[in-house]
Amino acid sequence: NGLTLLTHSLVVEGDQLHLNGIAVVNGCQSLLSFRDRRNVLSEDLKVLVKVVQISEPSSFTDKITYRTNNQNPVDIRDQRSSDRIQRDLQQQVSAAFPGELGYGIREGETFAAPEVLDNREAAQLLMAVYLGEPWNAVRKVRLFDQDYHRIFSRDVDAQRLYFIHQLNKVVSSMRPRLRSDLAASFASVRFSLAYL
């Protein structure tokens with residue numbers, strides 16, 4: 001898949017690319033592997049790198065981060081939408097917080113509640129906050145696959161989902177107070193902040 005970087009400014013001079021401020025939004029593990037194995041890498045190695053110039057942090061930044069890290073979680077999530085765990089959690093949230101919070105488990109659902117916690121976001125927040133692994137919260141393919149039962153354990157209930165939803169709102173409200181480089185990659189930084 002290559003790497004995706006965000007930058008504040010991009011200047012091309014001949015065959016050189018100069019970036020001012022860099023946030024890696026996809027491919028960080030690959031980048032770390034390259035660094036760790038730099039002594040054995042071939043000079044012929046070619047890696048696709050996408051660079052997106054964004055002057056100010058915005059919701060567009062979050063969309064780029066989400067889309068570039070989205071390696072097919074929707075199919076797995078859709079398979080889990082009929083899972084007993086997800087249906088039970090949806091019923092628990094509806095019973096515990098009627099008219100306040102809904103719990104979305106598949107695309108196209110409608111809710112009477114003004115706020116909805118999507119189970120994708122719930123999985124990410126549960127991974128970061130309760131399992132203490134914010135670095136794995138951005139690995140969306142794993143959330144509904146190999147880590148599914150660790151994330152949605154018997155300890156997860158409507159109250160825990162309500163708490164992480166409220167925590168996420170508080171953390172999201174802090175975005176304007178972050179340094180610009182952290183705000184630019186907020187889609188992944190917020191899981192570390194939620195964990196802390």
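Residues numbered from 1 in each chain as written. Predicted model: local features only at pLDDT ≥ 70, side-chain atom pairs only at ≥ 80, totals over all residues. Heavy atoms only, no water.

Let us now look at the pairing of strand E2 (residues 16-26). Alignment of strand E1 (residues 3-13) against E2, held across nine bridges, turns out to be antiparallel. Bridging across to E2, Val11 finds its partner in His18. (Pairing = 2+ DSSP bridges. Helix = DSSP H or I, 4+ residues; strand = E, 2+ residues; numbered from the N terminus.)

Bringing the packing of helix H5 (residues 119-129) against helix H10 (residues 186-195) into the picture now. Put simply, H5 and H10 touch, their axes get as near as 8 Å, and they point 50° apart. One finds that H5 runs oblique with respect to H10. Considering only the axes of H5 and H10, their crossing is right-handed. Contact residues: H5 offers Glu121, Gln124, Leu125, Ala128 and Val129, while H10 offers Arg190, Phe191, Ala194 and Tyr195. A per-class count over the contact of H5 with H10 returns six nonpolar, one polar and two charged. (Axes fitted to C-alpha atoms, helices over the stretch in contact; angles between N-to-C directions. Parallel < 35°, antiparallel > 145°, perpendicular 65-115°, else oblique. Left-handed = near helix turned anticlockwise from the far one by under 90°. Contact = heavy atoms within 4.5 Å. Nonpolar A, V, L, I, M, F, W, Y, C, P; charged D, E, K, R; others polar.)

Glancing now at the packing of aromatic side chains. Within this structure, the stated rule accounts for four aromatic pairs. Ring centres 5.9 Å apart and planes at 35° place the aromatic pair Phe144 and Phe152 in the tilted group. Residue classification places Phe144 among the buried positions, given a relative accessible area of 2%. Judged by centre distance (5.3 Å) and plane angle (45°), the rings of Tyr148 and Phe152 are tilted. By relative accessible area, which is 0% here, Tyr148 ends up buried. Here Phe152 falls in the buried class, since its relative accessible area comes to 2%. Here the aromatic residues Phe144, Tyr148 and Phe152 are joined through ring pairs into a cluster of three or more. (Phe/Tyr/Trp six-rings, centres within 6.5 Å; stacked < 30°, edge-to-face > 60°. Buried < 20%, exposed > 50% of the residue type's maximum accessible area, 1.4 Å probe, protein only.)

Attention now goes to the sheet that holds E2. Pairing is mixed in the open sheet, where three strands are placed in the order E2-E1-E3. Looking at the sheet topology across the chains shown, the edges are occupied by E2 and strand E3 (49-53). In this sheet, neighbouring strand axes are inclined to one another by 40° on average, regardless of whether the strands run parallel or antiparallel. Relative to E3, E1 is paired through five bridges, and the arrangement is parallel. Paired with Leu6 across the strands is Val52, a residue of E3.

Following both chains from N to C, one finds helix H4 (residues 84-96) and helix H8 (residues 158-173) inclined at 75°, their axes separated by 9 Å at the closest point. Looking at the two axes, H4 sits roughly perpendicular to H8. Where H4 abuts H8, its residues Leu89, Gln92, Val93 and Ala96 lie against Ala158, Gln159 and Leu161. Split by residue class, the contact of H4 with H8 holds five nonpolar, two polar and no charged.

Next up on the list: the pattern of salt bridges. For side chains of opposite charge, pairing can occur when their charged atoms come near one another. Tallying each qualifying case throughout the model produces ten salt bridges. Two residues, Arg84 and Asp88, come together in a salt bridge whose shortest N-O distance is 3.3 Å. One end of the pair is Arg84 and the other is Asp88, both in helix H4 and four residues apart, which spans about a single turn. Across the pair Arg120 and Asp118 runs a salt bridge, and its minimum N-O distance is 3.1 Å. Judged by its relative accessible area of 17%, Arg120 is buried. The partly exposed category is assigned to Asp118, whose relative accessible area is 22%. Through salt bridges with shared partners, one network takes in Glu133, Arg142, Asp147 and Arg150. (Salt bridge = Lys/Arg side-chain N within 4 Å of Asp/Glu carboxyl O.)

Treat this as a map of the structure, not an account of what it does.
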